Amino acid sequence: MRYFQIIACVLLAFPAVGQTNVIILEKDGANVKTYATGMNITFESIYHQWFDGTITAIRHDSVFVNDYPFHYREIATIKTERKGLNYTEDGVLLMVAGGGVLLLNAVNGAYRGDKASTWYTSGSFITAGALIVGGFLLTRSRFRNYHLGKKFTLEYLALDLDKK
């Protein structure tokens, strides 16, 4: 019985893969992000086409995204999503707050019976404008693009034992 258990353990562990190849996004030699099998990636090819999907394999200098191979030198830009804030919702909330400042000044002026020309001051326009522009810029900064070339490079690191 023990021999059967030992043989079963050896046969089960035999096809196991210890390490897979990775591609590394570097900025001036420093690691920015490492991509391995199973990670999501969004990139633009040198043919100006955007691709999005899961990395299914990395082997023989190729990155397989949803089982379609791309040579790692065909990647021109990598897009990553920033995770620190909820950029879209926070930006929309800032823009709504800027519109709310303008609406609140109009409602208060009408309620008090003031002339329409005195409802708004320069401070209220500056505040509303700053909130609206800040919200717009926040929604636009949700993604970060890494253009490969001068500052950013993509390196292929072969870690597997299969050296064909």
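Residues numbered from 1 in each chain as written. Predicted model: local features only at pLDDT ≥ 70, side-chain atom pairs only at ≥ 80, totals over all residues. Heavy atoms only, no water.

Peer 1: Tell me about helix H3 (residues 122-140), and please be specific about residues and values.
Peer 2: Here H3 spans 27 Å end to end across 19 residues, near enough to the 27 Å set by a 1.5 Å rise per residue. Taken residue by residue, H3 has Ser124, Ala128, Gly135 and Leu138 as its buried positions. Taken end-on, H3 shows its buried residues confined to a sector of 100 degrees, consistent with a single buried face. Exposed positions of H3 whose direction lies more than 90 degrees from the buried face are Ser122, Ile126, Ala130, Leu137 and Arg140. (Helix = DSSP H or I, 4+ residues; strand = E, 2+ residues; numbered from the N terminus. Expected span 1.5 Å × (residues − 1). Buried < 20%, exposed > 50% of the residue type's maximum accessible area, 1.4 Å probe, protein only. Arc of directions from axis to C-beta.)

Peer 1: Give a description of the packing of aromatic side chains that names residues and reports values.
Peer 2: Each pair of aromatic rings is reported with the distance of its centres and the angle of its planes. Evaluated as defined, the whole model comprises 6 aromatic pairs. Taken together, the ring pairs in this structure connect Phe43, Phe51 and Phe70 into an aromatic cluster. Across the ring face of tryptophan 50, the terminal group of lysine 79 is positioned such that the distance to the ring centre comes to 4.9 Å. Taking the ring centre of phenylalanine 143 as reference, the NZ or CZ of lysine 79 above it sits at 5.0 Å. (Phe/Tyr/Trp six-rings, centres within 6.5 Å; stacked < 30°, edge-to-face > 60°. Lys NZ or Arg CZ within 6 Å of the ring centre and 35° of its normal.)

Peer 1: With reference to specific residues and values, describe the sheet that holds strand S8 (residues 143-147).
Peer 2: Sheet architecture is open: 6 strands sit in the order S6-S5-S4-S3-S7-S8, paired in antiparallel fashion. Both edges of this open sheet fall to strand S6 (68-71) and S8, since each of them pairs with a single strand only. Mean inter-strand twist for the sheet, computed between neighbouring axes without regard to direction, equals 45 degrees. Judged from the 5 bridges that link them, strand S3 (residues 40-45) and strand S4 (residues 50-59) form a sheet pairing that is antiparallel. Pairing of threonine 42 across the sheet is with aspartate 52, part of S4. (Pairing = 2+ DSSP bridges. Axes fitted to C-alpha atoms, helices over the stretch in contact; angles between N-to-C directions.)

Peer 1: Any details on the pairing of S6? Residues and values, ideally.
Peer 2: The pairing of strand S5 (residues 62-65) with S6 spans 4 bridges and is antiparallel. Following the sheet pairing, phenylalanine 64 is matched in S6 by proline 69. Taking the residues that link successive antiparallel strands as the turn, the S5-S6 hairpin has 2 residues, and the phi of asparagine 66 there is positive, at about 50 degrees.

Peer 1: Any details on the layout of surface pockets? Residues and values, ideally.
Peer 2: Rolling a probe over the atoms, with the probe sized like a water molecule, indicates the empty space that remains. In this model, the second largest pocket occupies a volume close to 230 Å³. The wall of the second largest pocket is formed by Lys33, Tyr35, Asn40, Ile41, Thr42, Asp52, Lys79, Thr80, Glu81, Lys83 and Phe143. Of all the secondary structure elements, the ones that give two or more residues to the lining of the second largest pocket are strand S2 (30-35), S3 and strand S7 (75-81). Considered class by class, the residues forming the lining of the second largest pocket number 3 nonpolar, 3 polar and 5 charged. (1 Å grid on protein atoms, 1.4 Å probe; cavity = no way out; pocket = protein on both sides within 12 Å on 5 of 7 lines; lining within 4 Å. Points joined across faces, edges and corners; volume = space filled by probe spheres on them. Nonpolar A, V, L, I, M, F, W, Y, C, P; charged D, E, K, R; others polar.)

Peer 1: Account for the nonpolar core, naming residues and giving values.
Peer 2: Counting residues in hydrophobic clusters, the biggest one holds 17 residues, and the most contacted among them are Ile23, Phe43, Ile78 and Leu154. Of all the elements, strand S9 (residues 152-157) adds the most residues to this core, at 3 residues. (Core = buried A, V, L, I, M, F, W, Y, C linked by side-chain atoms within 4.5 Å.)

Peer 1: Help me get a handle on the environment of methionine 95, residues and values and all.
Peer 2: By the element assignment, methionine 95 lies in helix H2 (residues 87-112). For methionine 95 and phenylalanine 136, which are 41 residues apart along the polypeptide, the C-alpha to C-alpha distance reads 7.0 Å. Beyond its immediate sequence surroundings of up to four residues, methionine 95 is in contact with Leu131, Ile132, Gly135, Phe136 and Thr139. (Contact = heavy atoms within 4.5 Å.)

Peer 1: Which residues make up a positive patch on the surface, and what values go with them?
Peer 2: A surface patch of like charges, here positive, comprises Lys27, Arg82, Arg144 and Lys151. Tracing the sequence through the fold places lysine 151 in the loop between S8 and S9. According to the relative accessible area criterion, lysine 151 is partly exposed, its value standing at 46%. (Patch = residues over 30% accessible without salt bridge, like charges linked within 9 Å, V, L, I, M, F, W, Y side chains within 5 Å. Areas by Shrake-Rupley, 256 points an atom, 1.4 Å probe, with all protein chains shown as cover. Salt bridge = Lys/Arg side-chain N within 4 Å of Asp/Glu carboxyl O. Lys, Arg positive; Asp, Glu negative; His and termini not counted. Charge placed at Lys NZ, Arg CZ, Asp CG, Glu CD.)

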